[in-house]
Amino acid sequence: MSEEISPPAVISASRLTPDASPRFRALPPLSLYIHIPWCARKCPYCDFNSHEARAPVPEERYVAALVADLEQVLPRVWGRRVSSVFFGGGTPSLFSARAIEAILDAARARLPLAPDAEITLEANPGTVEAGKFRAFAAAGVSRLSLGIQSFDPRHLKALGRIHDDNEARRAIEIARRDFDNINLDLMYGLPGQDVEEALADVEMALSYAPRHLSCYHLTLEPNTYFHRYPPALPDDDATAAMQEGMEARLAAAGYEHYETSAFAKFGEPLIPHPSSLIPARSARCAHNMNYWTFGDYLGIGAGAHGKISFPDRITREMRVKHPERYMEAAERGAAVQEEHEVGVDAVGFEFMMNALRLNGGFPASLFEERAGLQLVAVVRELDEAERRGLIARDHARISPSPLGRRFLNDLLQLFLREKAAV
(Lines give C-alpha, C1' and ligand atoms only; values in the text may rest on other atoms or scores of the structure.)
Protein backbone atom coordinates (compact mmCIF):
# COMPACT_ATOMS: atom_id res chain seq x y z
CA MET A 1 0.00 0.00 0.00
CA SER A 2 1.30 3.46 -0.91
CA GLU A 3 1.99 5.97 1.84
CA GLU A 4 -0.68 8.63 2.29
CA ILE A 5 0.70 12.13 1.90
CA SER A 6 -0.59 15.63 1.38
CA PRO A 7 -1.51 17.84 -0.36
CA PRO A 8 -4.22 15.87 -2.22
CA ALA A 9 -4.74 18.35 -5.05
CA VAL A 10 -4.12 17.22 -8.65
CA ILE A 11 -3.30 19.55 -11.54
CA SER A 12 -5.81 19.75 -14.38
CA ALA A 13 -4.94 20.45 -17.99
CA SER A 14 -6.41 23.93 -17.80
CA ARG A 15 -3.94 24.82 -15.06
CA LEU A 16 -0.78 23.54 -16.74
CA THR A 17 1.84 26.27 -16.85
CA PRO A 18 5.63 26.20 -17.22
CA ASP A 19 5.78 26.40 -13.40
CA ALA A 20 3.24 23.62 -12.81
CA SER A 21 4.21 20.35 -11.22
CA PRO A 22 2.61 17.02 -10.35
CA ARG A 23 0.66 16.65 -7.10
CA PHE A 24 0.29 13.24 -5.47
CA ARG A 25 -2.33 11.90 -3.11
CA ALA A 26 -0.01 8.94 -2.38
CA LEU A 27 3.50 8.15 -3.53
CA PRO A 28 3.97 5.27 -6.01
CA PRO A 29 5.35 1.88 -4.94
CA LEU A 30 9.14 1.74 -4.54
CA SER A 31 11.60 -0.85 -5.90
CA LEU A 32 15.36 -1.20 -5.56
CA TYR A 33 17.63 -1.88 -8.54
CA ILE A 34 21.26 -2.91 -7.92
CA HIS A 35 23.67 -2.83 -10.85
CA ILE A 36 26.63 -5.22 -11.02
CA PRO A 37 28.63 -3.90 -14.00
CA TRP A 38 31.07 -6.74 -14.73
CA CYS A 39 30.65 -9.68 -17.09
CA ALA A 40 32.91 -12.51 -18.24
CA ARG A 41 32.79 -11.19 -21.82
CA LYS A 42 31.06 -8.24 -23.46
CA CYS A 43 28.47 -9.53 -25.95
CA PRO A 44 28.57 -7.86 -29.39
CA TYR A 45 24.88 -6.85 -29.21
CA CYS A 46 24.91 -5.49 -25.63
CA ASP A 47 24.44 -1.76 -25.04
CA PHE A 48 24.10 -2.01 -21.25
CA ASN A 49 26.67 -0.51 -18.90
CA SER A 50 28.73 -3.70 -18.65
CA HIS A 51 32.49 -4.16 -18.52
CA GLU A 52 34.54 -7.26 -19.26
CA ALA A 53 36.25 -8.53 -16.11
CA ARG A 54 39.87 -8.87 -17.20
CA ALA A 55 41.02 -9.23 -13.59
CA PRO A 56 39.35 -10.39 -10.37
CA VAL A 57 36.45 -8.03 -9.67
CA PRO A 58 36.87 -5.78 -6.59
CA GLU A 59 33.88 -7.38 -4.93
CA GLU A 60 34.40 -6.18 -1.37
CA ARG A 61 35.10 -2.58 -2.38
CA TYR A 62 32.13 -2.50 -4.75
CA VAL A 63 29.76 -3.81 -2.05
CA ALA A 64 31.02 -1.05 0.28
CA ALA A 65 30.38 1.50 -2.50
CA LEU A 66 26.83 0.22 -2.98
CA VAL A 67 26.14 0.56 0.73
CA ALA A 68 27.56 4.09 0.75
CA ASP A 69 25.45 4.94 -2.30
CA LEU A 70 22.33 3.60 -0.61
CA GLU A 71 22.98 5.59 2.55
CA GLN A 72 23.35 8.78 0.55
CA VAL A 73 19.91 8.38 -1.05
CA LEU A 74 18.06 7.33 2.13
CA PRO A 75 16.79 10.82 3.03
CA ARG A 76 14.88 10.91 -0.26
CA VAL A 77 12.89 7.75 0.50
CA TRP A 78 12.90 7.66 4.28
CA GLY A 79 10.23 5.32 5.65
CA ARG A 80 9.04 4.07 2.26
CA ARG A 81 8.67 0.31 1.88
CA VAL A 82 10.54 -1.55 -0.88
CA SER A 83 8.36 -4.08 -2.72
CA SER A 84 10.99 -5.67 -4.99
CA VAL A 85 14.74 -5.91 -5.53
CA PHE A 86 16.51 -6.63 -8.81
CA PHE A 87 20.21 -7.44 -9.31
CA GLY A 88 21.02 -6.64 -12.94
CA GLY A 89 24.15 -6.25 -14.99
CA GLY A 90 26.53 -7.11 -16.35
CA THR A 91 26.42 -10.53 -14.78
CA PRO A 92 25.44 -10.41 -11.09
CA SER A 93 26.12 -14.14 -10.75
CA LEU A 94 29.84 -13.35 -11.07
CA PHE A 95 29.62 -12.11 -7.49
CA SER A 96 29.77 -14.52 -4.59
CA ALA A 97 26.65 -15.41 -2.63
CA ARG A 98 28.37 -13.85 0.39
CA ALA A 99 28.51 -10.50 -1.45
CA ILE A 100 24.86 -10.72 -2.56
CA GLU A 101 23.83 -11.53 1.00
CA ALA A 102 25.85 -8.59 2.34
CA ILE A 103 24.09 -6.23 -0.07
CA LEU A 104 20.64 -7.55 0.89
CA ASP A 105 21.47 -7.36 4.60
CA ALA A 106 22.56 -3.75 4.16
CA ALA A 107 19.35 -2.93 2.28
CA ARG A 108 17.17 -4.59 4.94
CA ALA A 109 18.97 -2.69 7.69
CA ARG A 110 18.28 0.65 6.02
CA LEU A 111 14.95 0.25 4.26
CA PRO A 112 11.66 -1.47 5.16
CA LEU A 113 11.73 -4.44 2.80
CA ALA A 114 8.34 -6.09 2.31
CA PRO A 115 8.29 -9.63 3.76
CA ASP A 116 7.12 -11.02 0.42
CA ALA A 117 9.37 -8.80 -1.71
CA GLU A 118 10.38 -10.37 -5.01
CA ILE A 119 14.21 -10.52 -5.15
CA THR A 120 15.55 -11.28 -8.63
CA LEU A 121 19.12 -12.02 -9.67
CA GLU A 122 20.30 -12.27 -13.27
CA ALA A 123 22.66 -15.14 -14.04
CA ASN A 124 24.70 -16.22 -17.04
CA PRO A 125 24.66 -19.99 -17.72
CA GLY A 126 28.42 -19.80 -18.19
CA THR A 127 28.90 -18.76 -14.55
CA VAL A 128 26.76 -21.51 -13.02
CA GLU A 129 27.83 -23.56 -10.02
CA ALA A 130 25.32 -25.70 -8.11
CA GLY A 131 26.62 -24.64 -4.70
CA LYS A 132 26.56 -20.98 -5.69
CA PHE A 133 22.93 -21.10 -6.80
CA ARG A 134 21.97 -22.81 -3.55
CA ALA A 135 23.76 -20.09 -1.63
CA PHE A 136 22.00 -17.36 -3.62
CA ALA A 137 18.67 -18.85 -2.57
CA ALA A 138 19.82 -19.05 1.05
CA ALA A 139 20.85 -15.38 0.87
CA GLY A 140 17.27 -14.41 0.05
CA VAL A 141 17.12 -14.41 -3.75
CA SER A 142 13.65 -15.67 -4.66
CA ARG A 143 13.65 -15.33 -8.45
CA LEU A 144 16.39 -16.28 -10.90
CA SER A 145 16.64 -14.90 -14.44
CA LEU A 146 18.85 -16.96 -16.75
CA GLY A 147 20.25 -15.39 -19.93
CA ILE A 148 19.84 -18.44 -22.16
CA GLN A 149 19.25 -16.52 -25.46
CA SER A 150 19.25 -19.73 -27.55
CA PHE A 151 19.71 -23.48 -27.25
CA ASP A 152 21.40 -23.67 -30.65
CA PRO A 153 25.23 -23.78 -30.37
CA ARG A 154 25.64 -22.06 -33.74
CA HIS A 155 23.50 -19.12 -32.68
CA LEU A 156 25.12 -18.87 -29.26
CA LYS A 157 28.50 -18.62 -30.95
CA ALA A 158 27.21 -15.92 -33.31
CA LEU A 159 25.97 -13.95 -30.29
CA GLY A 160 29.35 -14.18 -28.59
CA ARG A 161 27.94 -16.00 -25.55
CA ILE A 162 30.37 -17.73 -23.20
CA HIS A 163 28.08 -20.75 -22.77
CA ASP A 164 27.05 -23.49 -25.19
CA ASP A 165 23.77 -25.39 -25.48
CA ASN A 166 24.80 -28.06 -22.98
CA GLU A 167 25.71 -25.44 -20.39
CA ALA A 168 22.38 -23.70 -20.99
CA ARG A 169 20.42 -26.87 -20.23
CA ARG A 170 22.63 -27.71 -17.26
CA ALA A 171 22.14 -24.23 -15.79
CA ILE A 172 18.36 -24.60 -15.91
CA GLU A 173 18.49 -28.03 -14.32
CA ILE A 174 20.71 -26.75 -11.49
CA ALA A 175 18.54 -23.66 -10.96
CA ARG A 176 15.37 -25.74 -10.65
CA ARG A 177 16.79 -27.52 -7.61
CA ASP A 178 16.71 -24.35 -5.52
CA PHE A 179 14.35 -21.94 -7.29
CA ASP A 180 10.64 -22.31 -8.02
CA ASN A 181 10.46 -18.96 -9.76
CA ILE A 182 12.72 -18.90 -12.85
CA ASN A 183 12.76 -16.65 -15.89
CA LEU A 184 14.45 -17.67 -19.13
CA ASP A 185 15.65 -15.01 -21.57
CA LEU A 186 15.43 -15.93 -25.26
CA MET A 187 16.31 -13.91 -28.34
CA TYR A 188 15.05 -14.28 -31.89
CA GLY A 189 15.89 -12.73 -35.23
CA LEU A 190 19.45 -13.98 -34.76
CA PRO A 191 22.15 -14.10 -37.46
CA GLY A 192 21.35 -17.01 -39.79
CA GLN A 193 18.25 -18.06 -37.82
CA ASP A 194 15.12 -19.34 -39.54
CA VAL A 195 11.58 -19.59 -38.19
CA GLU A 196 11.83 -23.28 -37.33
CA GLU A 197 14.98 -22.70 -35.28
CA ALA A 198 13.39 -19.84 -33.34
CA LEU A 199 10.38 -21.99 -32.50
CA ALA A 200 12.66 -24.89 -31.53
CA ASP A 201 14.22 -22.62 -28.89
CA VAL A 202 10.75 -21.94 -27.47
CA GLU A 203 9.93 -25.65 -27.41
CA MET A 204 13.13 -26.42 -25.52
CA ALA A 205 12.42 -23.64 -23.03
CA LEU A 206 8.87 -24.92 -22.49
CA SER A 207 10.19 -28.39 -21.71
CA TYR A 208 11.51 -26.91 -18.43
CA ALA A 209 8.16 -25.25 -17.58
CA PRO A 210 9.59 -21.92 -16.39
CA ARG A 211 7.18 -19.53 -14.70
CA HIS A 212 8.31 -16.67 -16.91
CA LEU A 213 9.83 -16.21 -20.37
CA SER A 214 11.29 -13.07 -21.90
CA CYS A 215 11.54 -13.19 -25.70
CA TYR A 216 13.49 -10.33 -27.24
CA HIS A 217 13.92 -9.42 -30.89
CA LEU A 218 17.63 -8.85 -31.53
CA THR A 219 18.17 -5.21 -32.44
CA LEU A 220 21.39 -3.51 -33.51
CA GLU A 221 21.85 -0.87 -30.83
CA PRO A 222 24.22 2.10 -31.24
CA ASN A 223 27.63 1.82 -29.57
CA THR A 224 27.77 -1.96 -29.96
CA TYR A 225 30.03 -4.19 -32.05
CA PHE A 226 27.02 -5.42 -34.05
CA HIS A 227 26.08 -1.84 -34.88
CA ARG A 228 29.55 -1.13 -36.23
CA TYR A 229 29.81 -4.48 -38.02
CA PRO A 230 26.22 -5.60 -38.72
CA PRO A 231 25.70 -9.33 -39.19
CA ALA A 232 23.25 -10.69 -41.75
CA LEU A 233 19.89 -10.91 -39.98
CA PRO A 234 16.56 -12.48 -41.00
CA ASP A 235 14.29 -10.15 -42.95
CA ASP A 236 11.18 -8.50 -41.49
CA ASP A 237 8.81 -11.16 -42.82
CA ALA A 238 10.85 -13.92 -41.18
CA THR A 239 11.07 -12.18 -37.82
CA ALA A 240 7.35 -11.37 -37.92
CA ALA A 241 6.66 -15.08 -38.51
CA MET A 242 8.98 -15.95 -35.60
CA GLN A 243 7.16 -13.54 -33.30
CA GLU A 244 3.70 -14.73 -34.31
CA GLY A 245 4.70 -18.38 -33.98
CA MET A 246 6.27 -17.86 -30.54
CA GLU A 247 3.26 -15.92 -29.26
CA ALA A 248 0.84 -18.59 -30.49
CA ARG A 249 2.85 -21.45 -29.01
CA LEU A 250 3.25 -19.74 -25.64
CA ALA A 251 -0.45 -18.89 -25.49
CA ALA A 252 -1.29 -22.54 -26.16
CA ALA A 253 1.06 -23.52 -23.32
CA GLY A 254 -0.77 -21.29 -20.84
CA TYR A 255 1.45 -18.21 -20.84
CA GLU A 256 0.01 -14.72 -20.63
CA HIS A 257 1.63 -12.30 -23.07
CA TYR A 258 1.33 -9.34 -20.72
CA GLU A 259 4.09 -7.03 -22.01
CA THR A 260 5.85 -6.50 -25.33
CA SER A 261 8.53 -9.14 -24.65
CA ALA A 262 7.26 -10.83 -21.47
CA PHE A 263 5.24 -14.01 -20.96
CA ALA A 264 4.03 -15.22 -17.55
CA LYS A 265 2.68 -18.62 -16.65
CA PHE A 266 -0.92 -18.08 -15.61
CA GLY A 267 -2.45 -20.10 -12.81
CA GLU A 268 0.77 -20.62 -10.85
CA PRO A 269 0.12 -20.87 -7.09
CA LEU A 270 2.15 -17.78 -6.24
CA ILE A 271 1.77 -15.68 -3.10
CA PRO A 272 -0.59 -12.81 -4.01
CA HIS A 273 1.40 -9.66 -4.70
CA PRO A 274 0.36 -6.54 -2.77
CA SER A 275 -0.08 -4.65 -6.04
CA SER A 276 -3.62 -4.92 -7.39
CA LEU A 277 -2.11 -4.61 -10.88
CA ILE A 278 -0.68 -8.13 -10.73
CA PRO A 279 -3.20 -11.00 -10.72
CA ALA A 280 -2.88 -13.21 -7.66
CA ARG A 281 -2.25 -16.29 -9.76
CA SER A 282 0.21 -14.95 -12.27
CA ALA A 283 3.99 -15.15 -12.51
CA ARG A 284 4.41 -11.61 -13.87
CA CYS A 285 7.70 -10.01 -12.89
CA ALA A 286 6.70 -7.73 -10.02
CA HIS A 287 9.82 -5.57 -10.33
CA ASN A 288 9.34 -4.88 -14.03
CA MET A 289 5.61 -4.34 -13.50
CA ASN A 290 6.55 -1.50 -11.18
CA TYR A 291 8.59 0.07 -13.99
CA TRP A 292 5.81 -0.38 -16.53
CA THR A 293 3.16 1.10 -14.22
CA PHE A 294 5.36 4.17 -13.57
CA GLY A 295 6.36 3.22 -10.04
CA ASP A 296 9.40 4.60 -8.28
CA TYR A 297 12.78 2.90 -8.03
CA LEU A 298 16.12 3.50 -6.42
CA GLY A 299 18.98 2.61 -8.72
CA ILE A 300 22.34 2.04 -7.07
CA GLY A 301 25.56 0.88 -8.70
CA ALA A 302 27.66 2.04 -11.64
CA GLY A 303 25.50 3.82 -14.21
CA ALA A 304 22.24 2.90 -12.46
CA HIS A 305 19.18 5.05 -13.10
CA GLY A 306 16.53 5.95 -10.56
CA LYS A 307 13.10 7.61 -10.46
CA ILE A 308 11.87 9.08 -7.20
CA SER A 309 8.60 10.92 -6.64
CA PHE A 310 7.94 13.57 -4.00
CA PRO A 311 4.62 15.18 -3.06
CA ASP A 312 5.09 17.88 -5.71
CA ARG A 313 7.62 16.58 -8.24
CA ILE A 314 9.23 13.60 -9.99
CA THR A 315 13.00 13.35 -10.27
CA ARG A 316 15.33 11.15 -12.28
CA GLU A 317 18.97 10.47 -11.48
CA MET A 318 21.92 8.54 -12.89
CA ARG A 319 25.03 7.25 -11.13
CA VAL A 320 28.61 7.59 -12.38
CA LYS A 321 28.99 4.96 -15.13
CA HIS A 322 32.55 3.64 -15.02
CA PRO A 323 32.96 1.12 -12.16
CA GLU A 324 36.26 2.49 -10.84
CA ARG A 325 35.08 6.10 -10.97
CA TYR A 326 31.75 5.08 -9.46
CA MET A 327 33.47 3.49 -6.46
CA GLU A 328 35.63 6.57 -5.99
CA ALA A 329 32.57 8.82 -6.22
CA ALA A 330 30.50 6.71 -3.81
CA GLU A 331 33.35 6.72 -1.31
CA ARG A 332 33.31 10.51 -1.22
CA GLY A 333 29.51 10.79 -1.16
CA ALA A 334 29.01 11.79 -4.79
CA ALA A 335 27.72 8.69 -6.61
CA VAL A 336 24.96 10.61 -8.42
CA GLN A 337 26.32 12.11 -11.64
CA GLU A 338 23.12 13.59 -13.07
CA GLU A 339 19.80 14.57 -11.54
CA HIS A 340 16.86 16.44 -13.01
CA GLU A 341 13.22 17.08 -12.36
CA VAL A 342 10.84 15.63 -14.94
CA GLY A 343 9.10 18.59 -16.55
CA VAL A 344 5.33 18.59 -16.51
CA ASP A 345 5.32 18.44 -20.33
CA ALA A 346 7.32 15.20 -20.18
CA VAL A 347 5.34 13.35 -17.51
CA GLY A 348 2.62 12.14 -19.87
CA PHE A 349 5.13 10.78 -22.38
CA GLU A 350 7.20 9.04 -19.70
CA PHE A 351 4.11 7.41 -18.21
CA MET A 352 2.83 6.21 -21.59
CA MET A 353 6.30 5.05 -22.69
CA ASN A 354 6.07 2.49 -19.89
CA ALA A 355 2.38 1.74 -19.42
CA LEU A 356 1.55 1.25 -23.10
CA ARG A 357 4.07 -1.60 -23.25
CA LEU A 358 1.49 -3.60 -21.28
CA ASN A 359 -0.73 -5.46 -23.72
CA GLY A 360 -3.69 -5.20 -21.36
CA GLY A 361 -3.08 -1.50 -20.85
CA PHE A 362 -3.76 0.21 -17.55
CA PRO A 363 -6.66 1.47 -15.43
CA ALA A 364 -7.48 5.05 -16.40
CA SER A 365 -7.19 6.05 -12.74
CA LEU A 366 -3.54 4.94 -12.70
CA PHE A 367 -2.43 7.99 -14.67
CA GLU A 368 -3.55 10.35 -11.92
CA GLU A 369 -2.09 8.08 -9.22
CA ARG A 370 1.37 7.71 -10.78
CA ALA A 371 1.76 10.88 -12.90
CA GLY A 372 0.18 13.29 -10.41
CA LEU A 373 -1.89 14.89 -13.19
CA GLN A 374 -5.49 14.43 -14.21
CA LEU A 375 -6.00 12.32 -17.31
CA VAL A 376 -7.39 15.36 -19.12
CA ALA A 377 -3.76 16.56 -19.33
CA VAL A 378 -3.21 14.05 -22.17
CA VAL A 379 -6.71 13.89 -23.58
CA ARG A 380 -5.68 15.51 -26.87
CA GLU A 381 -3.05 12.82 -27.45
CA LEU A 382 -5.43 10.04 -26.40
CA ASP A 383 -8.08 11.32 -28.80
CA GLU A 384 -5.58 11.28 -31.67
CA ALA A 385 -4.33 7.79 -30.76
CA GLU A 386 -7.91 6.51 -30.69
CA ARG A 387 -8.70 8.22 -34.00
CA ARG A 388 -5.75 6.39 -35.59
CA GLY A 389 -6.88 3.06 -34.13
CA LEU A 390 -3.76 2.75 -31.93
CA ILE A 391 -5.58 2.46 -28.58
CA ALA A 392 -8.85 1.19 -27.20
CA ARG A 393 -10.32 3.02 -24.21
CA ASP A 394 -13.39 3.48 -22.09
CA HIS A 395 -14.02 5.21 -18.77
CA ALA A 396 -12.13 2.47 -16.89
CA ARG A 397 -9.19 1.32 -19.02
CA ILE A 398 -6.78 2.37 -21.77
CA SER A 399 -5.01 -0.29 -23.84
CA PRO A 400 -2.89 -0.41 -26.97
CA SER A 401 -4.83 -1.95 -29.85
CA PRO A 402 -3.25 -4.76 -31.91
CA LEU A 403 -2.24 -2.03 -34.38
CA GLY A 404 -0.83 0.06 -31.53
CA ARG A 405 1.21 -2.87 -30.24
CA ARG A 406 2.61 -3.40 -33.72
CA PHE A 407 3.47 0.28 -34.16
CA LEU A 408 4.27 1.12 -30.56
CA ASN A 409 6.88 3.75 -31.40
CA ASP A 410 4.37 5.63 -33.56
CA LEU A 411 1.87 5.49 -30.72
CA LEU A 412 4.36 6.84 -28.19
CA GLN A 413 5.45 9.65 -30.50
CA LEU A 414 1.98 11.17 -30.11
CA PHE A 415 2.74 11.88 -26.45
CA LEU A 416 6.21 13.36 -27.05
CA ARG A 417 5.76 17.09 -26.73
CA GLU A 418 8.28 19.57 -28.04
CA LYS A 419 9.34 20.77 -24.60
CA ALA A 420 9.55 17.26 -23.08
CA ALA A 421 13.01 16.65 -21.64
CA VAL A 422 13.45 12.92 -21.26
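Residues numbered from 1 in each chain as written. Predicted model: local features only at pLDDT ≥ 70, side-chain atom pairs only at ≥ 80, totals over all residues. Heavy atoms only, no water.

### A look at the confidence of the model for the protein chain
In step 1: Model confidence for the protein chain is summarised by a mean pLDDT of 90, while 91% of its residues fall at 70 or above.
In step 2: Counted against residues more than four places away or in other chains, residues 1–19, with its pLDDT under 50, gives 49 contacts. (pLDDT = per-residue confidence, 0-100. Contact = heavy atoms within 4.5 Å.)

### A short note on the packing of helix 1 (residues 59–77) against helix 10 (residues 323–331)
In step 1: At their nearest, the axes of helix 1 and helix 10 sit 8 Å apart, and the two run at 50° to each other. Here helix 1 lies oblique to helix 10, going by the angle between them. When the axes of helix 1 and helix 10 are compared, the crossing they make is left-handed. Residues Arg61, Tyr62, Ala65, Leu66, Ala68, Asp69 and Gln72 of helix 1 lie in contact with helix 10, whose contacting residues are Glu324, Tyr326, Met327, Glu328, Ala330 and Glu331.
In step 2: For the contact of helix 1 with helix 10, the per-class residue count stands at seven nonpolar, one polar and five charged. (Axes fitted to C-alpha atoms, helices over the stretch in contact; angles between N-to-C directions. Helix = DSSP H or I, 4+ residues; strand = E, 2+ residues; numbered from the N terminus. Parallel < 35°, antiparallel > 145°, perpendicular 65-115°, else oblique. Left-handed = near helix turned anticlockwise from the far one by under 90°. Nonpolar A, V, L, I, M, F, W, Y, C, P; charged D, E, K, R; others polar.)

### Topic: the sheet that holds strand 15 (residues 362–363)
Adjacent strands of a sheet pair through backbone hydrogen bonds, lying either parallel or antiparallel.
In step 1: Strand order in the open sheet formed by three strands is 15-17-16, with antiparallel pairing between adjacent strands. Sheet topology places strand 15 and strand 16 (391–393) at the edges, where each strand pairs with a single neighbour.
In step 2: The pairing of strand 16 with strand 17 (residues 397–400) spans three bridges and is classified as antiparallel. Across the sheet, Ile391 pairs through a bridge with Pro400, a residue of strand 17.
In step 3: Helix 13 (residues 379–387) contacts strand 16 and strand 17 of the sheet and is inclined by roughly 115° relative to strand 16. (Pairing = 2+ DSSP bridges.)

### Thoughts on the pattern of salt bridges
In step 1: The tally for this structure, following the rule as stated, stands at 25 salt bridges.
In step 2: Glu59 is the salt-bridge partner of Arg98, the closest N and O atoms lying 3.3 Å from each other. Residue Arg98 is found in helix 2 (residues 97–110), and its partner Glu59 is found in helix 1; the two are separated by 39 residues along the sequence.
In step 3: Owing to a relative accessible area of 14%, Glu59 belongs among the buried residues under this scheme.
In step 4: Note that Arg76 and Glu317 form a salt bridge whose closest N and O atoms lie 2.3 Å from each other. Here Arg76 is found in helix 1, whereas its partner Glu317 is found in strand 13 (residues 313–319), with 241 residues between them in sequence.
In step 5: The exposure class assigned to Arg76 is partly exposed, which follows from its relative accessible area of 26%.
In step 6: Sharing partners across several salt bridges, the network here consists of Asp69, Arg76, Glu317, Arg319 and Glu339. (Salt bridge = Lys/Arg side-chain N within 4 Å of Asp/Glu carboxyl O. Buried < 20%, exposed > 50% of the residue type's maximum accessible area, 1.4 Å probe, protein only.)

### Things to note about helix 6 (residues 195–206)
In step 1: Between the first and last C-alpha of helix 6 there are 17 Å, a value that for twelve residues agrees with the 16 Å anticipated at 1.5 Å per step.
In step 2: Along helix 6, the residues classified as buried are Ala198, Asp201, Val202, Ala205 and Leu206. The arc enclosing the buried residues of helix 6, seen along the axis, measures out at 135°, which places them on a common side.
In step 3: Contacts from the buried residues of helix 6 go to strand 6 (143–149), strand 7 (181–188), strand 8 (212–217), helix 8 (236–252) and strand 9 (255–259).
In step 4: In this structure Asp194 caps helix 6, since a side-chain oxygen of it lies 3.2 Å from the backbone nitrogen of Glu196. (Expected span 1.5 Å × (residues − 1). Arc of directions from axis to C-beta. Polar contact = N/O pair within 3.5 Å; in protein donor to acceptor, adjacent residues only side chain to side chain.)

### Focus on the packing of aromatic side chains
The geometry of an aromatic ring pair comes down to the distance between the two centres and the angle between the two planes.
In step 1: Across all of its chains, the model carries twelve aromatic pairs by this definition.
In step 2: For the ring pair Tyr62 and Tyr326, a centre distance of 5.7 Å and an interplane angle of 50° mean the geometry is tilted. One end of the pair, Tyr62, is in helix 1; the other, Tyr326, is in helix 10, with 264 residues separating them in the sequence.
In step 3: Residue Tyr62 is classed as buried on the basis of its relative accessible area, which comes to 0%.
In step 4: Residues Phe133 and Phe136 carry aromatic rings whose centres are separated by 6.3 Å and whose planes lie at 40° to one another, so their mutual orientation is tilted. Highlighted residues: Phe133 and Phe136, both in helix 3 (residues 130–139), separated by three residues, approximately one helical turn. (Phe/Tyr/Trp six-rings, centres within 6.5 Å; stacked < 30°, edge-to-face > 60°.)

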